[in-house]
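Chain residues, written in single-letter form:
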Amino acid sequence: MEHDFQQLINRQDTRSVKWDLVETLYGSKDVLPMWVADMDFQVPKAVSNALSERALHGIFGYTYTDKQLNEIVVDWVKEQHHWTLSKAWILYSPGVISTIHMAIQSFTNKGDKVLIQTPVYPPFYDIIKKHERTLVTNPLQLNDQKYEIDFEDLEEKLKQGVKAFILCNPHNPVGRVWTKEELQHIITLCKKYEVLIISDEIHADIVYKPHQHIPIASLDEEIQPNTITCMSPTKTFNLAGLQVSYVIVSDKKMRDTLKEMFHKQGMHMINTMGITALEASYTSGKTWLNQLTEYLRINIQYVLEALQNRNDVKVIQPEGTYLIWLDFRGLGWSHQKVKSFLQEKAKVGLNDGASFGEDGEGFMRLNIACPTQRVEEGIHRIIQALDKIKEEE
Ligand SMILES: Cc1ncc(COP(=O)(O)O)c(C=O)c1O
């Protein structure tokens, strides 16, 4: 059955971070929210049916995860990403960010160097800072509208005694889906300098052909036991509010250490509804996901065409994710001026590029996971405001 992604659904008054915090965050109710990474689409019918059925049961006592759920995850990862897992490798967690917090505490010590590739998802900085680790950055290089890894710089940094590397693949916000060659290069360096890889692969399922997501741990038998892979159905199926994710750790000793940290922090159970949604989405959501990816691809195409040939805003075409990194540096303005302009004149609520790191200054992140009509409205607002500025000049 075709899912209706065109439907405009009112999300106001649902305690939606994206919609109900607009006035608080952007100063005015008439700002169109196109920021935080969730979608304005309903989940697959099979998922809402499973949740309704579970809700109607009416009892929500303690819930456990079992081998059957692990099998569902194993099947999903195999079918989607061609990686054969053992059921025993899987641990569940309320969220990928919670897992990364636990992993950093489990496998690094205060002061240890932790590397990230910037600009990157803001909580990565926060995790490193909160646990008093030392931030090391490997800035991504923007060449011809495409971000690439500076491997020379990466090696230079890893050489200085980096303990862990938090990899983001697909990369938020720049939209890269790292290729086999790039991942292999990372593996070679991490092996050489004995660096633990914490791979955040939450965006793995939303990738545009011919690009293909490759879990880094699936590429090399030696790196697999030295990698912690975080995955989740929450970005894929729009379930962020249900707080469910899993982590794949093939090495038993490392898995036990991580598990112990989960327990130490009082994290011992997953939300009942999250488990229900994980099961239903992974067993019945594939067709919906294919339709979604096609729909998102069309929205991206729209943005690319609408903004092509402009000097004031350039689009970094994403290979995966429903997030578009927009480069406003052509305006020649301060970052603060770009931010105020989008908020106050264009009336669109985008993610502040600078929150992804200092190399995000002059950039903003746009979320296009909404009906095309809303993407058109957002882009129209941006274009109109930019053109007005030109006329006034
Ligand atoms: C790269 C990345 N990691 C993690 C998260 C959040 O994951 P969770 O809600 O499972 O903590 C996001 C959300 O946007 C993300 O983009």
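Cut-offs and rules
- Residues numbered from 1 in each chain as written.
- Predicted model: local features only at pLDDT ≥ 70, side-chain atom pairs only at ≥ 80, totals over all residues.
- Core = buried A, V, L, I, M, F, W, Y, C linked by C-beta atoms within 7 Å.
- Buried ≥ 20, exposed ≤ 12 C-beta atoms within 10 Å, placed from the backbone.
- Helix = DSSP H or I, 4+ residues; strand = E, 2+ residues; numbered from the N terminus.
- Domains from an automatic or database assignment.
- Contact = placed C-beta atoms within 7 Å.
- Right-handed = clockwise from strand over helix to strand, strands pointing away.
- Pairing = 2+ DSSP bridges.
- Nonpolar A, V, L, I, M, F, W, Y, C, P; charged D, E, K, R; others polar.
- Expected span 1.5 Å × (residues − 1).
- Arc of directions from axis to C-beta.

**Structural notes on the nonpolar core**
Then step 1. Ile-324 and Ile-368 are the most contacted members of the largest nonpolar core, which has 112 residues in total.
Then step 2. Here this core gets six residues from one element, more than from any other, and that element is strand E7 (residues 162-168).
Then step 3. Each of domain 1 (17-43 + 286-392) and domain 2 (48-284) accounts for three or more of the residues forming this core.
Then step 4. Residue contacts for Ile-324: discarding those within four places in its chain leaves Gly-175, Ile-300, Val-303, Val-315, Ile-316, Pro-318, Leu-366 and Ile-368.

**Regarding the pairing of strand E8 (residues 196-200)**
Then step 1. Burial analysis of E8 places five of its five residues in the buried class, which makes it a mostly covered element.
Then step 2. Burial along E8 is two-sided: the face carrying Leu-196, Ile-198 and Asp-200 and the face carrying Ile-197 and Ser-199 are both buried.
Then step 3. In this fold, the crossover linking E7 to E8 by way of helix H8 (residues 180-192) has right-handed handedness.
Then step 4. One ladder, built from four bridges, connects E8 with strand E9 (residues 227-231); its direction is parallel. Bridge pairing links Ser-199 to Thr-229 in E9.

**A short note on the domain arrangement of the protein chain**
Then step 1. Here the protein chain is partitioned into domain 1 (17-43 + 286-392) and domain 2 (48-284).
Then step 2. Computed over C-alpha atoms, the centres of domain 1 and domain 2 are 26 Å apart.
Then step 3. At the interface, 28 residues of domain 1 touch 29 residues of domain 2.
Then step 4. Examining the composition of the side of domain 1 that touches domain 2, we find that four residues originate from one element, helix H12 (residues 286-307), more than from any other.
Then step 5. Looking at the side of domain 1 that touches domain 2 residue by residue, the class counts come to 13 nonpolar, nine polar and six charged.

**Some words on H8**
Then step 1. Over its 13 residues, H8 extends 18 Å from the first C-alpha to the last, a length consistent with the 18 Å expected when each residue adds 1.5 Å.
Then step 2. Listed as buried for H8 are Leu-183, Ile-186, Ile-187 and Cys-190. End-on view of H8: buried residues confined to an arc of 105°, all on one side of the axis. Turned more than 90 degrees from where H8 packs its buried face, Glu-181 and Lys-192 sit exposed.
Then step 3. Buried residues along H8 sit against E7 and E8.
Then step 4. Just past H8, the residue Glu-194 takes up positive phi, approximately 50°.

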